[in-house]
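Structural features, examined
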Amino acid sequence: MQRILFPENLTENARWWRAGARFTRATGAAVAIGVMAGVMMSGQGALALDRTRTTYLEKCGGCHGIEGQSGQTYIPTLRDRIGTLSCTPEGRAYLLTVPGVSMSLIRDDALMAQVMNFVLFDLGGHSAPPGTTPFTAEEVHAQRGHALSTTDLPAVRAQVWARAIACATNRR
């Protein structure tokens, strides 16, 4: 993790903020959101995240990583990969019926569609096949009504991924 250097002539409020930043390192979330929001002591105004990115960070980033890279866990990495699933109707439906989405605390279907489009197109990079259509609130609502039910999610995920990869390979 890169250290943020502070000028020596900090105001009293900044000194308290610096002490608070040390305290919050244990949680990591406050620091991650602050860094993602562009909060730097450079004299420039802070950049604000839009509602979609903030919602992703709050509801998804803890497991999938703030940049879509979950590391060496059973949680799938999204960065530059997730769009491949949209190659098949089955993969597209999987994205909306997987428990993290279908049972998400994001209950607003329009907001969930925006978050899923951020995941698919922004985090997924060029992994989505050309012509992939964005998710809609109606599609999210319809698919969440059919939540994936399995006792072996990794096996189901592997099968869906295998068919999506075969589809993407055939499209090239």
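Small disclaimer: the values here were computed from a predicted structure and weren't measured.

Turning our eyes to something else, we now look at the nonpolar core. Grouped together as the largest cluster of nonpolar side chains are 26 residues, with contacts concentrated most on Tyr-56, Leu-85, Val-119 and Phe-135. A per-element tally of this core places helix H7 (residues 109-123) first, with 9 residues.

Here the focus is the state of the cysteines. Taken as a whole and assessed by the stated rule, the structure comprises 1 disulfide. Sulfur-sulfur distance for the disulfide between Cys-87 and Cys-167 comes to 2.0 Å. Disulfide Cys-87-Cys-167: torsion about the S-S bond near -70°, hence left-handed. Of the two residues, Cys-87 is situated in the loop between helix H4 (61-64) and helix H5 (89-97) and Cys-167 in helix H9 (residues 153-171); the sequence distance between them amounts to 80 residues. Per residue, the accessibility class of Cys-87 equals that of Cys-167, and both read buried. Distance from the sulfur of Cys-60, which forms no disulfide, to the nearest cysteine sulfur (Cys-63) is 8.7 Å.

So, on to the layout of surface pockets. Gaps left between atoms are located by rolling a probe of water-molecule size over the structure's atoms. Put simply, the second largest pocket is a space of about 520 Å³. Residue lining of the second largest pocket: 25 residues in total, with His-64, Pro-76, Val-98, Gly-100 and Val-101 positioned closest to the centre. At the level of secondary structure, the elements contributing two or more residues to the lining of the second largest pocket comprise H4, H5, helix H6 (99-102), H7 and H9. Grouping the amino acids of the lining of the second largest pocket by side-chain chemistry returns 20 nonpolar, 3 polar and 2 charged.

When you line up the elements, Thr-77 lands in the loop between H4 and H5. In this structure Thr-77 comes out as buried when scored by relative accessible area, which is 17%. Among the polar contacts made by the side chain of Thr-77, one reaches the side chain of Ser-70 at a distance of 3.4 Å. Contact partners of Thr-77, with chain neighbours within four places excluded, come to Gly-68, Gln-69, Ser-70 and Gly-71.

Within the structure shown, the criterion is met by 1 aromatic pair. Sitting above the plane of the Phe-135 ring, Arg-92 keeps its charged end 4.3 Å from the centroid.

The next point concerns unusual backbone geometry. Unusually for a residue other than glycine, Asp-80 sits at a positive phi of about 60°. Within the secondary structure, Asp-80 is located in the loop between H4 and H5.

This paragraph deals with the pattern of salt bridges. Between side chains of opposite charge, a pair can form when the charged atoms approach closely. Inspection of every chain in the model, using the stated rule, returns 5 salt bridges. Note that Asp-122 and Arg-53 form a salt bridge whose closest N and O atoms lie 3.4 Å from each other. Residue Asp-122 is located in helix H7, and its partner Arg-53 is located in helix H3 (residues 51-59); the two are separated by 69 residues in the primary sequence. One network of salt bridges, with partners in common, ties together Asp-50, Arg-53 and Asp-122.

What counts, and where the lines are drawn
Note that residues are indexed from 1 along each chain, following the sequence as it is written. It should be noted that, the model being predicted, local features are given only for residues of pLDDT at least 70 and side-chain atom pairs only at 80 or more, the latter also being counted only at that level, while totals for whole chains, interfaces and linings use all residues. As a rule here, side-chain values cover all heavy atoms of the structure and leave hydrogens and water aside. The nonpolar core is taken to be a set of buried Ala, Val, Leu, Ile, Met, Phe, Trp, Tyr and Cys residues, with the residues joined through side-chain atoms within 4.5 Å. Buried residues are those whose accessible area, probed at 1.4 Å on protein chains only, stays under 20% of the maximum for their type, while exposed residues exceed 50% and partly exposed ones sit between those limits. Going along the chain from the N terminus, every DSSP run of H or I of four or more residues is numbered as a helix, and every run of E of two or more is numbered as a strand. Cysteine sulfur atoms that pair up within 2.5 Å are treated as a disulfide. Cavities and pockets are found on a 1 Å grid laid over the protein atoms alone: a cavity is a set of points where a 1.4 Å probe fits but cannot escape, a pocket is an open set with protein on both sides within 12 Å along at least five of seven lines, and a lining residue has an atom within 4 Å of such a point. Grid points are joined across faces, edges and corners, and a volume is the space filled by probe spheres set on the points. Gly falls in the polar group here, along with every residue not listed as nonpolar (Ala, Val, Leu, Ile, Met, Phe, Trp, Tyr, Cys, Pro) or charged (Asp, Glu, Lys, Arg). Identification of polar contacts relies on pairs of N or O atoms within 3.5 Å, with a donor-acceptor requirement for protein atoms, meaning one able to donate a hydrogen and the other able to accept it, and with residues adjacent in sequence counted only if both atoms are side-chain atoms. The contact rule is simple, with two residues in contact once any of their heavy atoms fall within 4.5 Å. Pairing of aromatic rings covers Phe, Tyr and Trp, the last through its six-membered ring, and needs centres within 6.5 Å; plane angles under 30 degrees mean stacked, over 60 mean edge-to-face, and all others mean tilted. Two conditions define a charge sitting above a ring: the NZ of Lys or the CZ of Arg must be within 6 Å of the ring centre, and it must be within 35 degrees of the ring normal. Here, a salt bridge means any Lys or Arg side-chain nitrogen found within 4 Å of an Asp or Glu carboxyl oxygen.

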